[in-house]
Amino acid sequence: MKRAIFLLVAAMMLNQLLAQTNNDLQKRVDQLLQENESLNHRLDVLEKKIDDVTWFNRVGDVAFIDKVYIYGPPPANVNNPEQIGATNPVKFWSYVFIPKNIDINKKYPLLVFPHGGVHGDFTTYYTHIVREMIAQGYIVVAPEYRGSTGYGSGHWHRIDYGGLEKEDVYASRNYMIENYDFVDKNRIGIIGWSHGGMIALHNIFDHPNDYACAYAGVPVSDLILRYGYADDDYRRLYDSDYHIGQTPRENINEYLRRSPTWQAHRLKNTPLLIHTNTNDDDVYVIEVQSLINALKAEGKDFEYEIFQEMPGGHSFNRIDTKAAREIRVKIYKFLAKYLNPPKPIKSVEDINRAAYLPLR
């Protein structure tokens, strides 16, 4: 009997010890994961600072480059609204590119250029495209809206995909008008690819009188459809408690509100060009086709082109091939009809002289 009691007590003590050990181990694992996430954000900040230097090296010969600190609406999600400062506007950085050869006594067109990616940022990936814009006499503003990578954990977790980020982009537009007298408020276009294309669409839906034209390349268009074909890691970006915090099944109306396809009726008279590619492995062509079909069903006037199996997939007209440059000529011709830049690009040779050849 004593032996049995001893074994029972020993087993209970062992279970408690194991439970405590497991708890301690789990706490340590959670701590390490948190430290690793913090380290990743710090590395992203370092990478961003390096890329900022690269901007000056690769574009500084043709453009005055600045990075301005501005603000958009308050956070979408606030844990404690009563806390002092909790509902202050969200501050963010925006790149400003101004052609060095402008006459500040004249007016010039502005391109608002939101980057892509769920947690992306504006990088020197776009070097040649920015040079092409600068050569035409465009002023460019590229906002690092809430959720962008390279500005620490706090900014990263402010993400509001398809939500208030679009108002950050609109705030960058307004900043340029308010602070640069040579920006023509009547010649403002917005251009973006992927997530940036989605933001461009939302901007002309929400502010139809404030943009002269828009280009949406391979735009994210239908978050419900996208949620269906994406992987679990992508879905978790929306399910996270710091973001939407719900699945489409739990709150379909929120996903409809953030999806341009389901807001197609809100397009007014803003000239719009849409491009997509049948072998896009990121934003599937079926998603952009749903947007195109919705706009047609609403009787909207717009332009589009569906490219067939173009090399480059999701980046088919942003890469440096001749075929990609030929498509960008089409984009610039569309924009020029409404923005009238001083030196519009009309050919691949113009692009080569603007961005690829050392001779001017």
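Scroll up to find the structure this text is about.
Heads up: these notes are all about the structure in this document. (Residues numbered from 1 in each chain as written. Predicted model: local features only at pLDDT ≥ 70, side-chain atom pairs only at ≥ 80, totals over all residues. Heavy atoms only, no water.)

Structural notes on the sheet that holds strand β3 (residues 108–112)
Inference 1: The mixed open sheet is built from eight strands, whose spatial order is β1-β2-β4-β3-β5-β6-β7-β8. Every interior strand has two partners, whereas the edge strands, β1 (63–71) and β8 (303–307), have only one. Strand-to-strand twist in this sheet, taken as the mean axis angle between neighbours without regard to direction, amounts to 15°.
Inference 2: Across four bridges, the pairing between β3 and strand β5 (residues 183–193) is parallel. Bridge pairing in β5 links Leu111 to Gly189.
Inference 3: Sheet strands in contact with helix α2 (residues 127–136) are β1, β2 (91–99), β3, β4 (139–143) and β5, and its direction is about 55° off that of β2. (Pairing = 2+ DSSP bridges. Helix = DSSP H or I, 4+ residues; strand = E, 2+ residues; numbered from the N terminus. Axes fitted to C-alpha atoms, helices over the stretch in contact; angles between N-to-C directions. Contact = heavy atoms within 4.5 Å.)

A look at the pairing of β5
Inference 1: Across the 11 residues of β5, nine count as buried, placing the element largely inside the fold.
Inference 2: Relative to strand β6 (residues 213–217), β5 is paired through five bridges, and the arrangement is parallel. Opposite Ile191, over in β6, you have Tyr215 as the bridge partner.
Inference 3: With helix α5 (residues 195–206) bridging β5 and the parallel β6, this β-α-β connection has right-handed handedness. (Buried < 20%, exposed > 50% of the residue type's maximum accessible area, 1.4 Å probe, protein only. Right-handed = clockwise from strand over helix to strand, strands pointing away.)

Focus on the packing of helix α4 (residues 165–179) against α5
Helix-helix packing: each pair is described by the crossing angle between the helix axes and the interaxial distance.
Inference 1: Between α4 and α5, the shortest axis-to-axis distance is 9 Å and the interhelical angle comes to 75°. Put simply, α4 runs roughly perpendicular to α5. In this structure, α4 contributes Glu165, Lys166, Glu167, Val169 and Tyr170 to the contact, and α5 contributes His195, Met198, Ile199, His202, Asn203 and Asp206.
Inference 2: Of the residues contributing to the contact of α4 with α5, the split by class is four nonpolar, three polar and four charged. (Parallel < 35°, antiparallel > 145°, perpendicular 65-115°, else oblique. Nonpolar A, V, L, I, M, F, W, Y, C, P; charged D, E, K, R; others polar.)

Some thoughts on the packing of helix α10 (residues 322–339) against helix α11 (residues 348–356)
Inference 1: Orientation of α10 relative to α11, taken along the N-to-C sense of each, is 100°, at an axis distance of 9 Å. In terms of orientation, α10 and α11 fall into the roughly perpendicular class. Across the interface between the two elements, Arg325, Glu326, Arg328, Val329 and Tyr332 of α10 pack against Val348, Ile351, Asn352 and Tyr356 of α11.

Digging into the nonpolar core
Inference 1: Of all hydrophobic cores here, the largest spans 55 residues; its most connected members are Tyr161, Tyr180, Tyr238 and Leu272.
Inference 2: Among the elements that line this core, the one with the most residues is α5, at six residues.
Inference 3: When near neighbours in sequence (up to four residues on either side) are disregarded, Tyr238 contacts Val118, Tyr161, Leu223, Tyr227, His243, Ile244, Gly245, Gln246 and Tyr255.
Inference 4: Membership of the second largest hydrophobic core comes to 40 residues, among which are Trp55, Leu111, Tyr151 and Phe316. (Core = buried A, V, L, I, M, F, W, Y, C linked by side-chain atoms within 4.5 Å.)

What about the environment of Asn253?
Inference 1: Relative to the helices and strands, Asn253 resides in helix α8 (residues 252–257).
Inference 2: Under the relative-accessibility criterion, Asn253 is labelled exposed at 57%.
Inference 3: The spatial distance from the C-alpha of Asn253 to the C-alpha of Tyr69 is 33 Å, given a sequence separation of 184 residues.

Let's talk about the pattern of salt bridges
Inference 1: If you walk through the whole model with that rule in mind, you get 20 salt bridges.
Inference 2: Note that Asp184 and Arg187 form a salt bridge whose closest N and O atoms lie 2.9 Å from each other. Here the two residues Asp184 and Arg187 agree in accessibility, since each one is buried.
Inference 3: In this structure, the salt-bridge partner of Glu254 is Arg257, at a minimum N-O distance of 2.4 Å. Of this pair, Glu254 and Arg257 both sit in helix α8, three residues apart, roughly one helical turn.
Inference 4: Look at the salt bridges and you will find they share partners, linking Asp160, Glu254, Arg257 and Arg258 into a network. (Salt bridge = Lys/Arg side-chain N within 4 Å of Asp/Glu carboxyl O.)

Scope: geometric values only; no functional claims are made or implied.
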